Amino acid sequence: MYYPIVTKKKAEAISNGAFLIALGILFLTNGWWPGILLAIWIFLGLRQYLTGRFYDLTLTTVILVGLFIISVFNINLTVLFPVLFVLAGIYLIFREFFFPEDTNGEDKSQEIKDDIDDSKES
């Protein structure tokens, strides 16, 4: 469950305003690429932060700021892809050990079915 910092309406207004400011800066500097990635990140990230969706904020930050860094520093993708796969694997293992609860209910459904089957047998 998430706990919003402000109402959804206020979060949308603030994030829209920040996006327009970022676009204005892009017009002034004429730095569209990769600056537009940061403008989108500010827009989405601020909205997600203000509505209390911190997991979404983290994911948005990793993707958009990561793409920005790749573009600015011209990182070779033959090095990047193996690193991304290793990090994704570490994340999956970490998530399974530290957040083992079933989010889609399949495990709980199976437990209920097993309990019903056991009660029928007795």
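One can find the structure itself at the top, above this paragraph.
Each chain has its residues counted from 1, running along the sequence as written. It should be noted that, the model being predicted, local features are given only for residues of pLDDT at least 70 and side-chain atom pairs only at 80 or more, the latter also being counted only at that level, while totals for whole chains, interfaces and linings use all residues. To obtain the side-chain values, all non-hydrogen atoms of the structure were included, while hydrogens and water were left out.

Undergrad: Is there a simple way to explain the side chain of S15 in this structure?
TA: To qualify as a helix, a DSSP run of H or I must reach at least 4 residues; to qualify as a strand, a run of E must reach at least 2; elements of each kind are numbered from the N terminus. Summarising the element assignment, S15 is placed in helix α1 (residues 8-29). Not counting residues within four places of it along the chain, the set of residues in contact with S15 comprises F43, L46 and R47. Contact between two residues is taken to exist if any of their heavy atoms lie within 4.5 Å; hydrogens are not considered.

Undergrad: Which parts of the structure should I look at to understand the packing of aromatic side chains?
TA: Given two aromatic rings, their pairing is described by the distance between the two centres and the angle made by the two planes. Think of it this way: a Phe, Tyr or Trp ring, Trp meaning its six-membered ring, pairs with another when their centres are within 6.5 Å, and the plane angle makes it stacked under 30 degrees, edge-to-face over 60, tilted otherwise. Applying the stated criterion to the full structure yields three aromatic pairs. On the numbers, 4.9 Å between centres and 90 degrees between planes, the contact of F27 with W32 is edge-to-face. A relative accessible area of 60% places F27 in the exposed class. Three exposure classes are used, based on accessible area relative to the maximum for each residue type with a 1.4 Å probe and protein chains only: buried under 20%, partly exposed in between, and exposed over 50%. W32 gets classed as partly exposed once you look at its relative accessible area, which sits at 32%. Both rings, one in Y49 and one in F54, keep their centres 5.8 Å apart while their planes meet at 70 degrees; by these two values the pair is edge-to-face. Exposure remark for Y49: the relative accessible area of 40% places this residue in the partly exposed category. The exposure class assigned to F54 is partly exposed, which follows from its relative accessible area of 41%.

Undergrad: Can you walk me through unusual backbone geometry in this structure?
TA: Comment: phi is negative for the bulk of residues other than glycine, and the bulk of peptide bonds are trans. The residue after W33, namely P34, is reached through a cis peptide bond having omega 5 degrees. Phi is positive for N30, close to 55 degrees, though the residue is something other than glycine. With relative accessibility at 59%, the residue N30 sits in the exposed group.

Undergrad: What should I look at first to understand the side chain of T51 in this one?
TA: Relative to the elements of secondary structure, T51 occurs in the loop between α2 (32-50) and α3 (54-73). With relative accessibility at 9%, the residue T51 sits in the buried group. A distance of 2.8 Å separates a polar atom in the side chain of T51 from the backbone oxygen of R47. Whenever a nitrogen or oxygen atom comes within 3.5 Å of another N or O atom, the pair is scored as a polar contact, on the condition that within protein one atom can donate a hydrogen and the other can accept it, and that pairs from neighbouring residues in sequence are kept only if both atoms are in side chains.

Undergrad: Help me understand the packing of α2 against α3, please; the structure alone is not making it clear to me.
TA: Lines fitted to C-alpha atoms define the axes here, with helix axes fitted over just the stretch in contact, and angles between the N-to-C directions of these axes take values from 0 to 180 degrees. Running from N to C, α2 and α3 cross one another at 170 degrees; their axes reach a closest spacing of 9 Å. Judged by the inter-axis angle, α2 sits roughly antiparallel to α3. The residues of α3 that touch α2, namely those facing W33, P34, G35, L37, L38, I40, W41, L44, G45, Q48 and Y49, are F54, D56, L57, T60, T61, L64, V65, L67, F68, S71 and V72. For classification, angles of less than 35 degrees are called roughly parallel, those exceeding 145 degrees roughly antiparallel, those between 65 and 115 degrees roughly perpendicular, and all remaining angles oblique.

Undergrad: What's the story with the pattern of salt bridges in this structure? I'm lost.
TA: When the charged atoms of two side chains lie near each other, side chains of opposite charge can form a pair. By definition, a salt bridge exists where a carboxyl oxygen of Asp or Glu is found within 4 Å of a side-chain nitrogen of Lys or Arg. Applying the stated criterion across every chain yields a total of one salt bridge. When the shortest N-O distance is used, the salt bridge between R53 and D56 registers 3.0 Å. R53 sits in the partly exposed class, given a relative accessible area of 30%. A relative accessible area of 29% places D56 in the partly exposed class.

Undergrad: Got a minute to help me understand the environment of S15 in this structure?
TA: For S15, a relative accessible area of 0% puts it in the buried group. Along the primary structure S15 and I40 are separated by 25 residues, whereas in three dimensions their C-alpha atoms are 9.9 Å apart. Among the polar contacts listed, one links the side chain of S15 to the side chain of R47, at a separation of 3.2 Å.

Undergrad: Please explain the environment of I75 as it appears in this structure.
TA: Inspection of the secondary structure puts I75 in the loop between α3 and α4 (77-98). Sequence-distant contacts of I75, that is, excluding residues within four places in its chain, are made with I69, I70 and L80.

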